[in-house]
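What follows is each chain in one-letter form.
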Amino acid sequence: MARDALVQEARELLAAMEQALMQIEAEGQDAEAINAVFRAAHTIKGSAGLFAFERIVSFTHIVESVLDRVRNGSQPLDANLLTLLLECSDYIAMLVDAIAARQEEQEPDAERRARLEAALTALLGVVTATPPPPATVAQPQGEPQGKVEVESGESVSSDNWHISLRFSPDVLRSGMDPLSFLRYLGTLGHIVHIVTLPDALPAAAEFDAETCYLGFEIDFASPVDRQTIEGVFEFVRDDSDIRILPPHSKVAEYISLIDGLPEPSGRLGEILVKGGALTESELTRVLAQQAAEPVPAKPLGALLVENDVVPQAVVAAALTKQKQGEEKRAQEQKFIKVEVSKLDALIDLVGELVIAGAGANVVARRQKDVQFEEATQALSSLVEQIRDAALTLRMVPIGEVFQRFPRVVRDISRELGKEIQLVVTGADTELDKSMVEKLSDPLMHIVRNAMDHGIEPTEARTAIGKPAAGTLRLNAFHESGCIVIEVSDDGRGLDRERILRKAIERGLVQPDQQLSDSDVFRLIFEPGFSTAETVTNLSGRGVGMDVVRKNIEALRGEVEVLSRPAQGTTVRIRLPLTLAIIDGFQVMTGEAVFVIPLDLVIECVDVSSHDTRHNILKLRGEPLPFVRLRELFELPEAGEVRESLVVVQYGQQRAGLVVDRLVGEFQAVIKPLGVLFSDMKGISGSTILGDGRVALILDVPHLIQRTARAQAAQSWPRQASALSDR
C-alpha cells in the first residue's frame, strides 16, 4: 500500500516537474518554476530514501545537485540543460515504473543512466572549479554594523550567520544525535539565538520515538567561513535540509529563505523569526509597542518597517508566505486523496442499491399500496441523488491526459524537423477516471500521425503561403450527454482519391461503389491500412489508427474523421460520460426488454400515423431511416401490435428504432457483456431490471451508422422522390 502511494506521488511529481520545465522553455526562466522542479526531485529522493530504493536515490541526488546550482544562479539553465533535465525526468520515471513492478533491484537501462550521469557530473565539475560567489565571503571586521546596501537600496541588520536546520526524520535511526551537531557547532563560535520548531510533532498517539520531528533556526556568531560550517553537518547533509546565510546577507537571500521554509506558515512574526530576519527580543519589543497603540493599532509589518527592524521587501515576502500557507490549508481542507479501488467499490454498491430500489418499486406497484409506493418513490429520488453524487467522485478533468502532450509535441517536432505549436482548450472538461486512463494511447497515435503525415515541413508550408509553424489543437467539450475530444491540424488534409485507390487495391471496396467522404476517411481505421510511401519511427505501418478505433469502441465511443485538402484534418472522438450507471429509456419488442441511453432519445412517435417505405419514415417532411428491433434481433412475430418509433440522435446523425411498446425511464446499472458476446453488434451492455430480468442496452451509435449505410445502399434520392410524390 505504501509502495503504491510512493509510486503515485512520484508520478504526480514527475508530471509537475515536466510541466515546470516546459513552462521555463516556453516562457523563460522563472524562480518559482525552478523551485518547483527542485522540490519535485528533492521530494522523490526523500520518499525513495525512506524505502531504501537506492537506485532512484543516487540518481536523483545528482539531478538535485545540478538543480540546486541552477536555483542559486551558479549554473545557467540553457536549452541543452533543459533537454538533459527532461531526459533525467524520463529516466526517473523508468525507475519509478521499476518500483511499481517490484523490480527495483534491476537497472532499467544502465547505458542510458551512465550517459545521463556523465552529463550531470560534467556540469557539476565545471561549476565546482569556478570561484565561489562573493556572497559566501564573510565581511571584514570594521564594516558599519548591520548596514549593507542591497540592489533594492534597502538594508539588513543581522551580522550573524543564520543557519536553518531540518534534520532527516531518520537521522536517529541512522545512529546520529542531532544535538551532537549543535554542540560541535558551538565549538566554532557562539550560538547567539536558537529557535526550536515543533511544527512537525504529531499527536501523542502517533509519536515515534525513533523519528526526528524537530527543526532549528540558529543565529551564529563565528569568524569561520561557510565551508567550515557546512563541514559540521557533512554526515547528514545529503538527507537533511540545511540552509546557511552568511552575515549581512542580501534582502533577496532572506526572502528566498523565507519562501523555502518547509513548515506551514503561521503568524507574520513567527515567519520572520524562523527566517532569521527578526529576533525574539525585537519581536517582543514591537509587539509591546503595537499593544500600546490606540485601537485600531497599526499592523505588525508596518511597525517593523517604520522602526527599521526589518526591510520592507522581507516583510512583503513573509506576508506572501503567510498567504500561501493560508491558501494551502484551505486547499488541504478542500481535497482528500482516496484510492481508486475504494471509489470503484462505492460505485458498485450504489449500482446494487439502484437495482434493489427498482425491485422495491416493482413490489410497491404490485401491492397497490399508495403509502408504500410513495415511500419507494421518495427512496428512489434519494438513490438517484446518491448515484449522481457518487459518479461525480470519479469525474476528473481531461487535462490529466492533455498535460503530457506539450512534451510529446516538443520532442516529435524536433525529431521531424518541423515547427509545430500546440494549442490546448477545454482541459477542464470532465469525464470518468477509468476512461481518462484508457484515452492516452489512442490520442498519442492520433497526435503522432497528425504531426508526421498531416502537418507539412516548414519549407512546403511557406511555399504555399501557410505560416511556417504548423498548429496542432487538442480540444474537449460536452455535447448531448457525451464528451467530444478533437485533435485537429492545419496540414495538408487526407487525400481522398489515394485512400480510395488503396482500398480498391486491397479489396476493401468495389471500384464502382459510391462512398461518402466520411465512409472513405473511415477506411484509414482498417487493420494494416496505410497510404504512407515510407515507414518512419512514428507511423506508416497502418497499425496505430486500427488500435485507436478498437480502444475507442471498447469505451462505447466512436471516432470520425473530417478533412479538407490543404486545410487540415480533425479526428473527433465521442465518448459517453461514464461507464457505470446511466439514465435509460425502457422499450419492449415481444417479451424482450431493451434500454436506450436517455440522453440520446429525442422523441417518440406512433409509426402507424406516418408514411413509411423501405425502412424510411417521413417525419415532418424530412426522411428518417429506421430499423425494426424485431427484424434486427430476429425476434418472433407477436401478431397485431401498435408500433412506436423512438427517434435517437448521436452527434449530428439521427435514426429511428421501431419497437412494440414504450415502458419509460429507468436507472440502468451497466453490466459488461461476456466474452461470448464481445463481437455482437448493436448491443453495448446489459442491465438488471427491478423484477430480476436482464435487459440489453442498445448501442445507438452503431445502429445509427447501420441505418445510414442501409439508406445509402438503397439510393436514397430516388426513394425520397417517390415519397415526396405521394
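Structural notes, computed from the coordinates. (Residues numbered from 1 in each chain as written. Predicted model: local features only at pLDDT ≥ 70, side-chain atom pairs only at ≥ 80, totals over all residues. Heavy atoms only, no water.)

1. Points about the overall build of the protein chain
Inclusion rule: Secondary structure elements follow DSSP: runs of H or I no shorter than four residues count as helices, runs of E no shorter than two count as strands, and numbering proceeds from the N terminus. Note on classification: 1.4 Å probe, protein chains only; a residue is buried when its accessible area is under 20% of the maximum for its type, exposed when over 50%, partly exposed between these limits. When checking whether two residues touch, look at their non-hydrogen atoms; a contact exists if any pair is within 4.5 Å. Note that accessible areas follow from Shrake-Rupley with a 1.4 Å probe, and for residues the cover is restricted to the protein chains shown.
Looking only at helices and strands, the protein chain has 24 helices and 22 strands in total. Within the span of the protein chain, comprising 726 residues, buried residues form 43% of the whole. In the protein chain, the proportion of contacts linking residues at least 24 apart, taken out of those at least 6 apart, comes to 67%. With an accessible surface of roughly 37,800 Å², the protein chain has 52% of that area assigned to carbon and sulfur atoms.

2. Section: the environment of arginine 404
Put simply, the test is: Here a polar contact means two N or O atoms within 3.5 Å. Within protein one must be a hydrogen donor candidate and the other an acceptor candidate, and residues neighboring in sequence count only if both atoms are side-chain atoms.
With respect to the helices and strands, arginine 404 occurs in the loop between α15 (399–402) and α16 (405–416). In sequence terms arginine 404 and glutamate 18 are 386 residues apart; their C-alpha atoms lie 8.5 Å from each other. In this structure arginine 404 touches Glu18, Ser440 and Met444, once residues within four positions along its chain are discounted. A polar contact of 2.5 Å, which involves the side chain of arginine 404, links it to the side chain of serine 440.

3. Section: unusual backbone geometry
The residue lysine 368 is not glycine, and still its phi comes out positive at about 55 degrees. Within the secondary structure, lysine 368 sits in the loop between α13 (340–367) and α14 (370–393). Its identity as a non-glycine residue notwithstanding, glutamate 634 has a phi of 55 degrees, on the positive side. In this fold, glutamate 634 is placed in the loop between α22 (629–632) and β18 (644–650).

4. As for the environment of glutamate 640
Position of glutamate 640 relative to the elements: it lies in the loop between α22 and β18. Take glutamate 640: its relative accessible area is 80%, and that puts it in the exposed class. Considered as a pair, glutamate 640 and aspartate 660 are 20 residues apart in the sequence and their alpha carbons are 9.7 Å apart.

5. Re the packing of helix α4 (residues 79–100) against α16
For any two helices packed against each other, one specifies the inter-axial angle together with the distance between the axes. This is how it is decided: The convention used is that axes are lines fitted to C-alpha atoms, helices contributing only their stretch in contact, and that angles between N-to-C directions extend from 0 to 180 degrees. In this scheme, roughly parallel covers angles under 35 degrees and roughly antiparallel covers those over 145, while 65 to 115 is roughly perpendicular and the rest are oblique. Crossing handedness follows the turn of the near helix against the far one: under a right angle anticlockwise gives a left-handed crossing, and clockwise gives a right-handed one. Under the scheme applied, nonpolar residues are Ala, Val, Leu, Ile, Met, Phe, Trp, Tyr, Cys and Pro; charged residues are Asp, Glu, Lys and Arg; polar residues are all the others, including Gly.
Across the interface, α4 lies against α16 with an axial gap of 13 Å and an inter-helix angle of 120 degrees. Classed by the angle they form, the pair α4 and α16 counts as oblique. Remark: the crossing between α4 and α16 carries left-handed chirality. For the pair formed by α4 and α16, the contact residues are Thr83, Leu86, Glu87 and Asp90 on the first element and Arg407, Arg410 and Arg414 on the second. A class-by-class count of the residues in the contact of α4 with α16 yields one nonpolar, one polar and five charged.

In short, the description is geometric, and any link to function would need to be established separately.
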